[in-house]
Amino acid sequence: ELKVEQNPLFLSMQEGKNYTIYCNYSTTSDRLYWYRQDPGKSLESLFVLLSNGAVKQEGRLMASLDTKARLSTLHITAAVHDLSATYFCAVEIGNQFYFGTGTSLTVIP
Amino acid sequence: NAGVTQTPKFRVLKTGQSMTLLCAQDMNHEYMYWYRQDPGMGLRLIHYSVGEGTTAKGEVPDGYNVSRLKKQNFLLGLESAAPSQTSVYFCASSYVPLRGVKVTEAFFGQGTRLTVV
């Protein structure tokens, strides 16, 4: 059974601080996606990671993929309030997307 | 730029009633998916389709049926709604850029909030 686990599930952090969200998955895949969801809204694509060692950055967010460790990280640098949202990772297996449970991030002024 | 459109956005059903959720995409995507989102459980795949006229079961298909008669539409049906089907339902679509290449990212609709009482 494929498992996609994120931790932490809940994260409260102060503005200006750094933190990392982890996404572990239990089967081989070289395609990993990160999405953002605001309350009551749909999912917005953040990053598409398509190979081992892939690193992508957008603003204060940086995502990386280690397919050998079956691990992806989403690093937040100098958090700001606008980053408050729920973040999901998803693994692609057989043209299907399997999602983690999500990390609810709250950035406190 | 419509993208993926779901109707309705909200619905309240009584136990045992039936309904159909409609998903329409205007991006000519081959792949379409139905997910349900429940607190603490992320998104779970209900059914998916790899092309017009084809459907397949996902992780949690029981109690749901789907149809894809046209490439742009993917319908999710609840034949006899149960309170356990209270959830937020998301439709998504994706495409294969080249033959033999895997799908790209999934594009999501705005969601349908369904309550079964």
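Since the model is a prediction, treat every value here as computed from it, not as a measurement.

*Asks:* Is there a simple way to think about the interface of chain B and chain A in this case?
*Replies:* By a widespread convention, an interface's size corresponds to the accessible area lost as its parts come together. Chain B puts 21 residues into the contact, and the matching count from chain A is 19 residues. Taken over both partners, the interface formed by chain B and chain A buries close to 1700 Å², and the fraction arising from carbon and sulfur atoms is 54%. In this assembly, chain B and chain A are joined by zero salt bridges. Joining chain B to chain A, the criterion identifies eight residue pairs in polar contact (both at pLDDT 80 or more). When contributions to the side of chain B that touches chain A are tallied by element, the ones reaching two or more residues are strand E4 (31–37), strand E5 (43–51) and strand E9 (87–94) of chain B. Looking at which element gives the most residues to the side of chain B that touches chain A, the answer is E4(B), with four residues. Class assignment for the residues of the side of chain B that touches chain A results in eleven nonpolar, seven polar and three charged.

*Asks:* How should I be thinking about unusual backbone geometry in this particular structure?
*Replies:* Working note: non-glycine residues mostly have negative phi, and peptide bonds are mostly trans. Cis geometry is adopted by the peptide bond preceding A:Pro8, which originates at A:Asn7 and carries an omega value of 0 degrees. Along the chain, the position of A:Pro8 falls in the loop between strand E1 (4–7) and strand E2 (10–14). The omega angle of the peptide bond from B:Thr7 to B:Pro8 is -10 degrees, so this bond is cis rather than trans. Mapped onto the secondary structure, B:Pro8 falls in the loop between strand E1 (4–7) and strand E2 (10–13). The phi angle at A:Arg70 is positive, at roughly 55 degrees, despite the residue not being glycine. Along the chain, A:Arg70 falls in the loop between strand E7 (61–66) and strand E8 (71–76). The partly exposed category is assigned to A:Arg70, whose relative accessible area is 30%.

*Asks:* When you look at the state of the cysteines in this model, what are you seeing that I'm missing?
*Replies:* Going through the model one piece at a time under the given rule, you end up with two disulfides over all chains. Shown here is the disulfide that connects A:Cys23 with A:Cys89, its sulfur atoms set 2.0 Å apart. One disulfide, between A:Cys23 and A:Cys89, carries an S-S torsion of 80 degrees and so falls in the right-handed class. Of this pair, A:Cys23 sits in strand E3 (residues 19–25) while A:Cys89 sits in strand E9 (residues 85–93), and the two are 66 residues apart along the sequence. Among the residues examined, A:Cys23 registers a relative accessible area of 0% and is labelled buried. The side chain of B:Cys23 participates in a disulfide bridge whose partner is B:Cys91; the two sulfur atoms lie 1.9 Å from each other. Disulfide B:Cys23-B:Cys91: torsion about the S-S bond near -75 degrees, hence left-handed.

Cut-offs applied
Residues numbered from 1 in each chain as written. Chains lettered and ligands numbered in written order. Predicted model: local features only at pLDDT ≥ 70, side-chain atom pairs only at ≥ 80, totals over all residues. Heavy atoms only, no water. Contact = heavy atoms within 4.5 Å. Buried area = accessible area lost by both parts, 1.4 Å probe. Salt bridge = Lys/Arg side-chain N within 4 Å of Asp/Glu carboxyl O. Polar contact = N/O pair within 3.5 Å; in protein donor to acceptor, adjacent residues only side chain to side chain. Helix = DSSP H or I, 4+ residues; strand = E, 2+ residues; numbered from the N terminus. Nonpolar A, V, L, I, M, F, W, Y, C, P; charged D, E, K, R; others polar. Buried < 20%, exposed > 50% of the residue type's maximum accessible area, 1.4 Å probe, protein only. Disulfide = S-S within 2.5 Å.

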